[in-house]
There are 2 protein chains.
Amino acid sequence: MDKPQPGHLKNAGLKSTVPRIRILELFELGQERHMSAEDVYKHLLASGDDVGLATVYRVLTQFEQAGLLTRHNFEGGKSVFELNQGKHHDHIVCLQCGHVEEFYDAAIESRQEKIAAERGFAVHDHSLHIYADCTKKKCPYK
Amino acid sequence: MDKPQPGHLKNAGLKSTVPRIRILELFELGQERHMSAEDVYKHLLASGDDVGLATVYRVLTQFEQAGLLTRHNFEGGKSVFELNQGKHHDHIVCLQCGHVEEFYDAAIESRQEKIAAERGFAVHDHSLHIYADCTKKKCPYK
DNA sequence: TTGCAAATGAGAACTATTATCATTTGCTAT
DNA sequence: ATAGCAAATGATAATAGTTCTCATTTGCAA
Ligand SMILES: [Mn+2]
Ligand SMILES: [Mn+2]
Ligand SMILES: [Zn+2]
Ligand SMILES: [Zn+2]
């Protein structure tokens, strides 16, 4: 009689295996919100979980397709994933330290819809990344 | 007494070699505005110009650094370049045919500045890509 | 428990891009 | 024009990120 939490595996049509459980836990309970496949792989190894890198890639893609995770392609060539909590947002990426900050702006969102509609397009999705330098103390590195 | 056109090679501190001239011509005179390294390479081969792929990659990066070209990272993993004509714009990418349409929206641009400033960031640059289906006849393929 | 389709993991393969380095080429100064 | 030479090129090796292959393992239903 375990109540099926939203975002759990079977719920998403995926059978619950050790690697999948570990990876989902990492996103749900871990401290890092945005992680690449390599990030996930290293965290799992560090936790003593012995998963293969291929499985990490496979599972991340499955989770994305199942709507559990969202994928982003920031500059730098590697995909970054985060828990999909239903609320769309965009990102500011700090050029000094790589810190990622999230934001949502209704005005930007609606302008995009309008622009696309005017040109005869139905928006499927979009990505907006602001690359910036932080102007105060917050940056950990330099 | 050749008047140095803006955006010409020497003008950008690059000595004018055959590959560089051909590549720049392709962007200035060709019909495709947004091209990947592979696109450029194939066009040149088709024109009978015998350049190496490594040179294409090198030159595209140099042109980007010199401000002659702009690089975009659309979905699909490959960098796409276009002539830098000074005016920033963002892109709608058609999910059916890959057609790329350009737009500029002052409201979106200024909201970005404001959002970043509020959070203590100085915008360096940004990328905004809208992925959409075109809702009318325009799509060449399907 | 057993049976077996589904999932995994090690490693090969692939794609986009960069690095290496011997050879060629575009200037510059004769 | 010509020689000298640093800069540029191109073939190819190397790298990074990711996907594919396939023999072995595992979750789960009967
Ligand atoms: Mn996010
Ligand atoms: Mn453009
Ligand atoms: Zn958005
Ligand atoms: Zn913009």
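What counts, and where the lines are drawn
Residues numbered from 1 in each chain as written. Chains lettered and ligands numbered in written order. Predicted model: local features only at pLDDT ≥ 70, side-chain atom pairs only at ≥ 80, totals over all residues. Heavy atoms only, no water. Least-squares fit on C-alpha atoms with pLDDT ≥ 70 in both. Donors = N, O, S within 2.8 Å, 3.2 Å for Na, K, Ca; no water. Tetrahedral: all angles 85-135°; square planar, octahedral: opposite > 155°, others 65-115°. Helix = DSSP H or I, 4+ residues; strand = E, 2+ residues; numbered from the N terminus. Buried < 20%, exposed > 50% of the residue type's maximum accessible area, 1.4 Å probe, protein only. Domains from an automatic or database assignment. Contact = heavy atoms within 4.5 Å. Buried area = accessible area lost by both parts, 1.4 Å probe. Salt bridge = Lys/Arg side-chain N within 4 Å of Asp/Glu carboxyl O. Polar contact = N/O pair within 3.5 Å; in protein donor to acceptor, adjacent residues only side chain to side chain. Nonpolar A, V, L, I, M, F, W, Y, C, P; charged D, E, K, R; others polar. Near = heavy atom within 4 Å.

1. Some points on the relation of the copies chain A and chain B
Thought 1: Superposition record for chain A on chain B: RMSD 0.1 Å, screw rotation 180°, translation along axis 0.0 Å. Such a combination of rotation and displacement between the chain copies is what one expects of a two-fold axis. In terms of C-alpha distance to the rotation axis, chain A has Leu128(A) as its closest residue, with the C-alpha 2.2 Å off the axis.

2. Side note on the coordination of the manganese ion (ligand 1)
All names here are of chain A.
Thought 1: The coordination sphere of the manganese ion (ligand 1) contains the protein donors His34 (NE2), Glu82 (OE), Glu82 (OE), His89 (NE2), His91 (NE2) and Glu102 (OE), at a distance range of 2.1 to 2.4 Å.
Thought 2: Note that the manganese ion (ligand 1) binds six donor atoms; their angles at the metal cover 55 to 169°, and the shape is irregular.
Thought 3: All donors of the manganese ion (ligand 1) come from a single chain, and their spacing in sequence reads H-x47-E-x6-H-x1-H-x10-E. Linking His34 in the loop between α1 (18–29) and β1 (35–36) with Glu102 in strand β5 (residues 100–103), this pair joins segments that are 68 residues apart in sequence.
Thought 4: Residue class for His34 comes out buried when judged on its relative accessible area of 15%.
Thought 5: Among the residues examined, Glu102 registers a relative accessible area of 28% and is labelled partly exposed.

3. Remarks on the coordination of the zinc ion (ligand 4)
All names here are of chain B.
Thought 1: The coordination sphere of the zinc ion (ligand 4), as far as protein atoms go, consists of His88 (NE2), Asp90 (OD), Asp90 (OD), Glu109 (OE) and His126 (NE2), spread over 1.9 to 2.7 Å.
Thought 2: Sequence spacing of the donors to the zinc ion (ligand 4): H-x1-D-x18-E-x16-H. Here the residue His88 occupies a position in the loop between β3 (80–83) and β4 (90–94), and His126 occupies one in strand β6 (residues 121–134), the gap between them amounting to 38 residues.
Thought 3: Its relative accessible area of 15% is what places His126 among the buried residues.

4. Notes on the domain arrangement of chain A
Residues and elements named next belong to chain A.
Thought 1: When its domains are assigned, chain A resolves into domain 1 (7–83) and domain 2 (90–132).
Thought 2: Once you take the C-alpha centre of each, domain 1 and domain 2 turn out to be 24 Å apart.
Thought 3: In this assembly, seven residues from domain 1 lie in contact with six residues from domain 2.
Thought 4: Both sides of the domain 1 and domain 2 interface together cover about 550 Å² of buried area, and 61% of this is carbon and sulfur.
Thought 5: By the criterion of area lost to domain 2, the three top residues of domain 1 are His34, Phe74 and Glu75, representing 72% of everything that side buries.
Thought 6: Here domain 1 and domain 2 share one salt bridge between them.
Thought 7: Residue Arg33 is joined to Glu102 by a salt bridge in which the shortest nitrogen-to-oxygen separation is 2.8 Å.
Thought 8: Summed over the shared surface of domain 1 and domain 2, the result is five residue pairs in polar contact (both at pLDDT 80 or more).
Thought 9: Its residues assigned to classes, the side of domain 1 that touches domain 2 comprises one nonpolar, three polar and three charged.

5. Section: the interface of chain A and chain B
Thought 1: Listed by partner, the interface residues are 35 residues for chain A and 35 residues for chain B.
Thought 2: Carbon and sulfur atoms supply 61% of the area buried between chain A and chain B, which totals about 3000 Å² over both sides.
Thought 3: Area buried by chain A at its contact with chain B is led by Arg119(A), Phe121(A) and Ile130(A), which between them contribute 19% of it.
Thought 4: Our enumeration of links across chain A and chain B arrives at two salt bridges.
Thought 5: When the shortest N-O distance is used, the salt bridge between Asp105(A) and Arg111(B) registers 2.4 Å.
Thought 6: Inspection of the region where chain A meets chain B yields 12 residue pairs in polar contact (both at pLDDT 80 or more).
Thought 7: Broken down by secondary-structure element, the contributors of at least two residues to the side of chain A that touches chain B are β4 (90–94), β5, α4 (106–118) and β6 (121–134) of chain A.

6. Quick notes on the protein's contact with DNA strand D
Thought 1: DNA strand D sits among 20 residues. The nearest are Tyr57(A), Lys78(A), Ser79(A), Thr17(B) and Arg58(B).
Thought 2: Sugar plus phosphate, as a fraction of atoms of DNA strand D within 4 Å of the protein: 72%.
Thought 3: Between a phosphate oxygen of DNA strand D and a side-chain N or O atom of Tyr57(A), the distance comes to 2.8 Å.
Thought 4: One of the backbone nitrogen or oxygen atoms of Asp50(B) is found 3.0 Å away from a phosphate oxygen of DNA strand D.
Thought 5: Going through the elements one at a time, α3 (53–66) of chain A together with α1 (18–29) and α3 (53–66) of chain B are the ones with two or more residues in the surface near DNA strand D.
Thought 6: A per-class count over the surface near DNA strand D returns six nonpolar, six polar and eight charged.

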